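Architecture at a glance
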Amino acid sequence: MVVRWLLAAAFFVFAPLAPAAASSDFPNESDRLIATAKLWAAVNYFHPFLASGKVDWDAALVHALPAIRSANTPAAYGAALRTLLDSLHDDTCFINDGSSHPAPRLVAGPAVVWVHRGVHPALMMVDETPPPFTLVLGGGVTATLNLSEPSGVRFTPISAESAHDDVQPAYPDTEHRILASFKLWATVRQFFAYRDLMDGDWDDYFAEFLPKFIEAKTDQDYNLAAAAALTRIDDSNAKISSAVLDRYFGVAAPGLRIRLVEKKPVVTAILDDAAAKAGMKIGDVVTSVDGEEIVARIHREIEFIPASTNQSLAVEVCQRLLNGADSST
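So, here is what we can say about the structure in this document.

Parameters at a glance
- Residues numbered from 1 in each chain as written.
- Predicted model: local features only at pLDDT ≥ 70, side-chain atom pairs only at ≥ 80, totals over all residues.
- Heavy atoms only, no water.
- Pairing = 2+ DSSP bridges.
- Helix = DSSP H or I, 4+ residues; strand = E, 2+ residues; numbered from the N terminus.
- Polar contact = N/O pair within 3.5 Å; in protein donor to acceptor, adjacent residues only side chain to side chain.
- Contact = heavy atoms within 4.5 Å.
- Phe/Tyr/Trp six-rings, centres within 6.5 Å; stacked < 30°, edge-to-face > 60°.
- Buried < 20%, exposed > 50% of the residue type's maximum accessible area, 1.4 Å probe, protein only.
- Axes fitted to C-alpha atoms, helices over the stretch in contact; angles between N-to-C directions.
- Parallel < 35°, antiparallel > 145°, perpendicular 65-115°, else oblique.
- Left-handed = near helix turned anticlockwise from the far one by under 90°.
- Nonpolar A, V, L, I, M, F, W, Y, C, P; charged D, E, K, R; others polar.
- Salt bridge = Lys/Arg side-chain N within 4 Å of Asp/Glu carboxyl O.

Two strands pair when backbone bridges link them, and strand β8 (residues 256-261) and strand β9 (residues 264-270) are joined in this way by 6 bridges, in the antiparallel orientation. Across the sheet, leucine 256 pairs through a bridge with isoleucine 270, a residue of β9. The turn linking β8 back onto β9 is made up of 2 residues, and glutamate 262 within it adopts a positive phi angle of 50°.

So, in structure tokens, the structure goes:
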């Protein structure tokens, strides 16, 4: 696989996600959350109201998630999603769960729509209002979204990120962990230029890593779930960092440099006199670290390191393979 560079400055105009196939069966919790992620992302990236700065779309999702997760009927599921959409205060967007059939309020003429330059939102005038977009959410529940606004509306573009993102703890509550998984999935889904070169389908990967975000019992579980999810894009330019991950891999490195030679970690440089005095020599092969057999350690760590090629993965793992706690031996 060739090393791939993400061109964040490229100019894109995005179309909404394609609706999922309808199903007569009521969706389980995982399927409801995946459908909700599609609804959340469609509004997050394409609804002009978010540029007003008056809608905290992240907070709206966090508030609605408990009812979405516990819903056991189409009516309860629809009501929970309706709570989410109500935060937009836009009567052209609505949920239909079979209990009622709201009539769409059509908007005609010129309109403003979202466009993106990299990850920065902006608004653009179009001559004709795009038609409403219907997203099938399962269990007979659908969402109708009007992802434009009449041209007379003037908004000042703002950051798409919620202001409360910076104050989340290392181990957020379940709803915020779900929000984080939605953001990771949606960002790659909408902005990553090389999804067609992935080894698998990103939407399928989302169904795999979403439960791990939910089931994480500790800050380390949560951080490793996020790191493992990011490895699926197979890109060395993708980086994930946190104090928790630093602690997992080890914050301090010994005064040595190693590289894989015939699949074995070999010492190629001595950077610290203390290492030389301890008996380390160039050409030594590392067989274990802190009692952990080296091959097992390599396989454990590469599960959480994004890389485009085996060569870049080898470089990345060698940079942290010998790390440990500060002041440890």
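From this point, things continue past the structure.
Another point: the side chain of asparagine 223. For asparagine 223, the location among the structural elements is in helix α6 (residues 219-230). Of note is the side chain of asparagine 223, whose polar atom sits 2.7 Å from the backbone oxygen of aspartate 219. What asparagine 223 contacts, discounting residues up to four positions off in sequence, is Ala170, Ser242, Val244 and Leu245.

Applying the stated criterion to the full structure yields 13 aromatic pairs. With a centroid separation of 6.4 Å and an interplanar angle of 80°, the aromatic rings of tryptophan 202 and tyrosine 205 are classed as edge-to-face. Taken together, the positions of tryptophan 202 and tyrosine 205, both in helix α5 (residues 202-215) and 3 residues apart, correspond to about one turn of that helix. For tyrosine 205, a relative accessible area of 10% puts it in the buried group. Each ring, one from tyrosine 248 and one from phenylalanine 304, has its centre 5.7 Å from the other, and the planes form 85°; the classification is edge-to-face. Taken together, the positions of tyrosine 248 in helix α7 (residues 243-249) and phenylalanine 304 in the loop between α9 (294-302) and α10 (310-320) put the pair 56 residues apart, joining distant regions of the chain. Owing to a relative accessible area of 15%, phenylalanine 304 belongs among the buried residues under this scheme. Here a set of aromatic residues connected by ring pairs shows up, and it is made of Trp40, Phe182, Trp185, Trp202, Tyr205, Phe206, Phe209, Phe213 and Tyr222.

Close contact between helix α2 (residues 57-70) and helix α3 (residues 74-86) brings their axes to 8 Å; oriented N to C, the two are set at 170°. In this view, α2 runs roughly antiparallel relative to α3, as classed from their interaxial angle. As α2 runs across α3, the sense of the crossing is right-handed. When α2 is examined against α3, the residues Trp57, Ala60, Leu61, His63, Ala64, Ala67 and Ile68 are found in contact with a partner set consisting of Tyr77, Ala80, Leu81, Thr83, Leu84 and Leu85. Of the residues in the contact of α2 with α3, the class split is 11 nonpolar, 2 polar and no charged.

Running from amino to carboxyl end, α9 crosses α10 at an angle of 110°, the nearest separation of the two axes being 10 Å. Regarding the angle of α9 to α10, the classification is roughly perpendicular. Considering the relative orientation of α9 and α10, their crossing is right-handed. Residue-level inspection shows Ile298, Glu301 and Ile302 of α9 in contact with α10, the latter providing Leu313, Val317 and Arg320. Split by residue class, the contact of α9 with α10 holds 4 nonpolar, no polar and 2 charged.

Using the criterion set out here, one finds 11 salt bridges in the structure. Aspartate 97 serves as the salt-bridge partner of arginine 82, at 3.1 Å between the closest nitrogen and oxygen. Here arginine 82, found in helix α3, pairs with aspartate 97, found in the loop between β2 (94-96) and β3 (111-117); they are 15 residues apart in sequence, far enough to count as distant. Here arginine 247 and aspartate 219 are joined by a salt bridge, their closest N and O atoms 3.3 Å apart. With arginine 247 in helix α7 and aspartate 219 in helix α6, this pair connects stretches of sequence that are 28 residues apart. Overall, the relative accessible area of 22% leaves aspartate 219 in the partly exposed class. Through salt bridges that share partners, Glu292, Arg297, Arg300 and Glu301 make up one connected network.

These figures come from the coordinates and say nothing about function on their own.
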